[in-house]
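# A structural walkthrough
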Amino acid sequence: MERIVEWVKNYSMVFLLLTVLASVSAKKEYRKYIQLFVEIILVITLVNPLIGAAGKSGDLFEKISFERFWQELEGTKTDREKMDFLNDDYYIAYYERAIESDVGLMAENLGYAVIEANVTLDEEFLVENMELKVAKEGVEPVIIGTVEEEPERMEITALREKIAAYYQIPEDRITILD
């Protein structure tokens, strides 16, 4: 008799707690899910003593834990698939474009306009190579005759150093054509 009274008390407490939880839910669209959850918990609470009489009640919770383990394993598989997707070329191309625009802003700060920028990244999203074609803003180059190799301007060297320092790459990976 004592067990039955204790079971009724426990069931009543769970019922009250879950009823309050179901009624306090913030949005109506979530109420049906919360109601389903409440009903499942109430059924488990109601049936638990019957299962305990037939066998150990811990078996039910062990089976629930086992099922939860498989669900988490499935979730881990899904997370791994998402991580594999992150290594896709789409993200590498996206970051290459982002770096190209960022380098363009650096060049503009030094008075250069970027005509063309090409950045290649490796699988670890590190800069492999960077090629820039820049021109001094507001100045149109005019070439008459032949052009021999002229020394690199100090602004170009400063731009290369700034990019190398920012992206922490060797300067020989950066090609800037003026």
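These notes cover the structure that comes with them. (Residues numbered from 1 in each chain as written. Predicted model: local features only at pLDDT ≥ 70, side-chain atom pairs only at ≥ 80, totals over all residues. Heavy atoms only, no water.)

## Examining the overall build of the protein chain
A count of helical and extended segments in the protein chain gives 5 helices and 3 strands. Expressed as a percentage of its 178 residues, the buried residues of the protein chain come to 18%. When contacts within the protein chain are restricted to residue pairs at least 6 apart in sequence, long-range pairs at least 24 apart make up 53% of them. Total accessible area on the protein chain stands at roughly 14000 Å², and carbon and sulfur atoms take up 59% of it. (Helix = DSSP H or I, 4+ residues; strand = E, 2+ residues; numbered from the N terminus. Buried < 20%, exposed > 50% of the residue type's maximum accessible area, 1.4 Å probe, protein only. Contact = heavy atoms within 4.5 Å. Areas by Shrake-Rupley, 256 points an atom, 1.4 Å probe, with all protein chains shown as cover.)

## Some points on the pairing of strand β3 (residues 174-177)
In β3, alternate side chains face the same way, and those of Ile-174 and Ile-176 are buried while those of Thr-175 and Leu-177 on the opposite face are not. Examined bridge by bridge, strand β2 (residues 127-136) and β3 share 4 bridges and lie parallel to one another. Bridging across to β3, Lys-133 finds its partner in Leu-177. (Pairing = 2+ DSSP bridges.)

## Side note on the sheet that holds strand β1 (residues 112-121)
Taken in spatial order, the 3 strands line up as β1-β2-β3 in an open sheet, and their pairing is mixed. Of all the strands in the sheet, just β1 and β3 have a single pairing partner and so form its edges. Here the average twist between neighbouring strands, direction ignored, is 15°. Taken strand by strand, helix α5 (residues 154-167) contacts β1, β2 and β3, and its axis lies near 150° from that of β3. (Axes fitted to C-alpha atoms, helices over the stretch in contact; angles between N-to-C directions.)

## Here we look at the side chain of Arg-160
With respect to the helices and strands, Arg-160 occurs in helix α5. By relative accessible area, Arg-160 is classed as buried at 12%. Within the structure, Arg-160 has its side chain in polar contact with the backbone oxygen of Ile-174 (distance 3.2 Å). (Polar contact = N/O pair within 3.5 Å; in protein donor to acceptor, adjacent residues only side chain to side chain.)

## Describing the packing of aromatic side chains
One pair of aromatic rings is described through two measures. These are the centre distance and the angle between the planes. The final tally for this structure, using the stated rule, is 2 aromatic pairs. When the centroid spacing of 5.6 Å and the interplanar angle of 70° are considered together, the rings of Tyr-94 and Tyr-95 count as edge-to-face. You can call Tyr-94 partly exposed: its relative accessible area is 43%. The class of Tyr-95 is partly exposed, set by a relative accessible area of 39%. Aromatic side chains Tyr-166 and Tyr-167 sit 4.8 Å apart centroid to centroid with 85° between the ring planes, which places their arrangement in the edge-to-face category. Residue class for Tyr-166 comes out exposed when judged on its relative accessible area of 51%. In this structure, Lys-136 is placed above the aromatic ring of Tyr-112, and the distance from its NZ or CZ to the ring centre is 4.7 Å. (Phe/Tyr/Trp six-rings, centres within 6.5 Å; stacked < 30°, edge-to-face > 60°. Lys NZ or Arg CZ within 6 Å of the ring centre and 35° of its normal.)

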